[in-house]
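Structural characterization, general
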Amino acid sequence: MPLKSFIDVPADSLPIQNLPFGVFQPREGKTRVGVAIGDLILDLSILEELGHFQSAEFYDRKVFSEDSLNSFLALGRPAWRATREILQHLLSAEAATLRDDTRLREKVFHAQKDITMKLPARIGNYTDFYSSYHHAHNVGTMLRGPENALMPNWKWLPVAYHGRASSVVVSGADVRRPSGQTKPPDASTPVFGLTKSLDYELEMAFLIGPGNSLGEPVPINRAIDHIFGLVLMNDWSARDIQAWEYQPLGPFLAKNFCTSISPWVVMFEALEPFRKPLPPQDPEPLPYLRGKNDFTFDIHLEASLQTSSMDGPHIITRTNFQNLYWSIAQQLAHHAVNGCNLEPGDLLASGTISGATEESRGCMLELTWRGANPLKLPNSETRKWLEDGDTLTITGWCQGDGYRVGFGEVSGRIIGSDK
Ligand code: CA
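These notes cover the structure that comes with them. Along each chain, residue indices are assigned from 1 in the same order as the chain's sequence is written. Whole-chain, interface and lining totals are the exception, using all residues; otherwise, since this is a predicted model, local features are given only for residues with pLDDT of at least 70 and side-chain atom pairs are given and counted only at 80 or more. Think of the side-chain values as coming from all heavy atoms in the structure, minus any hydrogens and water.

By this definition, two strands are paired if DSSP reports at least two bridges between them. Numbered from the N terminus, helices here are DSSP runs of H or I no shorter than four residues, and strands are runs of E no shorter than two. If you trace the five strands from one edge of the open sheet to the other, you get β9-β26-β25-β20-β21, paired in mixed fashion. The strands lining the two open edges of the sheet, one partner per strand, are β9 (175–176) and β21 (314–320). Strand direction decides the pairing type here: strand β20 (residues 300–306) and β21, joined by six bridges, are antiparallel. Opposite leucine 305, over in β21, you have histidine 314 as the bridge partner.

Within this scheme, the nonpolar core is defined by two criteria: the residues are buried Ala, Val, Leu, Ile, Met, Phe, Trp, Tyr or Cys, and they are joined through side-chain atoms within 4.5 Å. Classification of residues uses two cut-offs on accessible area relative to the type maximum, computed with a 1.4 Å probe and protein chains only: under 20% is buried, over 50% is exposed, and between them is partly exposed. Within the largest apolar cluster, 58 residues are counted, with the highest numbers of intra-cluster contacts made by Tyr200 and Leu230. If one sorts the elements of this core by residue count, helix α9 (residues 328–336) sits on top with five residues. Membership of the second largest hydrophobic core comes to 43 residues, among which are Leu91, Tyr161, Ala165 and Leu347.

Salt bridges are counted wherever a side-chain nitrogen of Lys or Arg sits within 4 Å of a carboxyl oxygen of Asp or Glu. Applying the stated criterion across every chain yields a total of 20 salt bridges. Put simply, aspartate 174 and arginine 413 hold a salt bridge, and the shortest N to O gap is 3.4 Å. Pair noted here: aspartate 174 is in the loop between β8 (168–170) and β9 and arginine 413 is in strand β26 (residues 404–415), with a separation of 239 residues, a long-range link. For the salt bridge of glutamate 302 with arginine 318, the shortest nitrogen-to-oxygen distance reads 3.9 Å. Here glutamate 302 is found in strand β20, whereas its partner arginine 318 is found in strand β21, with 16 residues between them in sequence. You can call glutamate 302 buried: its relative accessible area is 13%. Look at arginine 318 and you get partly exposed, because its relative accessible area is 34%. If you follow the salt bridges from partner to partner, you end up with Asp199, Glu201, Asp235, Arg239 and Lys255 in one network.

Attention now moves to unusual backbone geometry. Of note, the bond from glutamine 247 into proline 248 is cis; its omega dihedral lies within 30 degrees of zero at 5°. Within the secondary structure, proline 248 is located in the loop between α7 (239–245) and β16 (259–261). In the Ramachandran plot, arginine 370 falls in the positive-phi region, its phi being about 60° despite a non-glycine side chain. Mapped onto the secondary structure, arginine 370 falls in the loop between α10 (364–367) and β23 (375–376). Classification of arginine 370 as partly exposed rests on a relative accessible area of 47%. Here serine 380, not a glycine, exhibits a phi torsion of approximately 70°, which is positive. Here serine 380 shows up in the loop between β23 and β24 (382–383).

Looking now at the pairing of β26. By the bridge criterion, two bridges tie β9 to β26 in an arrangement that is parallel. Across the sheet, valine 175 pairs through a bridge with isoleucine 414, a residue of β26. In this sheet, β26 lies alongside strand β25 (residues 391–399) in antiparallel orientation, the contact comprising eight bridges. Across the sheet, residue threonine 395 finds its bridge partner in β26, namely glutamate 409. Between β25 and the antiparallel strand that follows it, β26, lie four residues; glycine 402 among them carries a positive phi value of about 85°.

Printed below as a string of structure tokens:
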């Protein structure tokens, strides 16, 4: 019998099995931490003030009245688990504390439509991996042909670059079309102007909890101790700027103008029922990347596009988190193997999550094969790349028996540079 709450939650909403954490600003009062259930937010700063988390014995100060999750993230898994258990108990159909106290319920619950979601963490560092075999293979095929699609290192280490943390924004923020230097194929010198090939990248990312000290690697079998949970991410990309600038040091201005993430962080504990074994890796990775019972998750992911003249969104990507070749634990262990110190609130992203089929390609670059096969939309518009006024939304969820553990969405609308 699945756990039930006294709060009515529709099958496609946020059930007691999920309880994602986020940071919100109520209509009145300061920004604070909450968890989502159904279309409500439970205000953890008030519960903390009332002493509901004292029994957990992890808190030497108030972590939920802060304007980010960072202090809570730093506490680590035993504290996260204890908090989740307290919340699941308070929200369960059997517990009377909230269920039977109308005045308390009025204080601690906010309607999600009445509040503003903020970035869940102060992100000190952001790293983007490149862990989908099919994405790397498709992009490599476009650049170098199918024989040389993968670089020689790709199956030996999770390739990544250091991104820009200051331009990570929360879902709903507009995305300004960037300008930059590009070199049209038929030109002998570069030109400056607005990007003509703006793209999305469907990704997921995880938030670091307790960090590691500088100089001390994280063994792969301890990697999960450092990870709180997952969000959806869109790594907005300007392909023409990228094509001209990326050699020899990788992405720079083509990526760092904006990266959007979803506001709700889904804890690993909520994803446990959807754990899947990692598919076999060939060649076998080096020992520091070989974990015991390494795993991935079954998370269905979609991207949809709505132009300014469409009535509703049209799904253009259907993919799954299981399409990633490298696991989360391998990504983290590799990141820290040289002693690089990860810190609470750091964001580590998967890279574009493409699968083997055409509909599972996670960006326009692959879907249109660099603009050669434009997307046909239901209102007979076509798209090679994103245009001003277009809204791109990524959603994701795990399908349980009669319930979903959903991630909500990450959405952004493209605006021209003069808006
Ligand atoms: Ca990316």
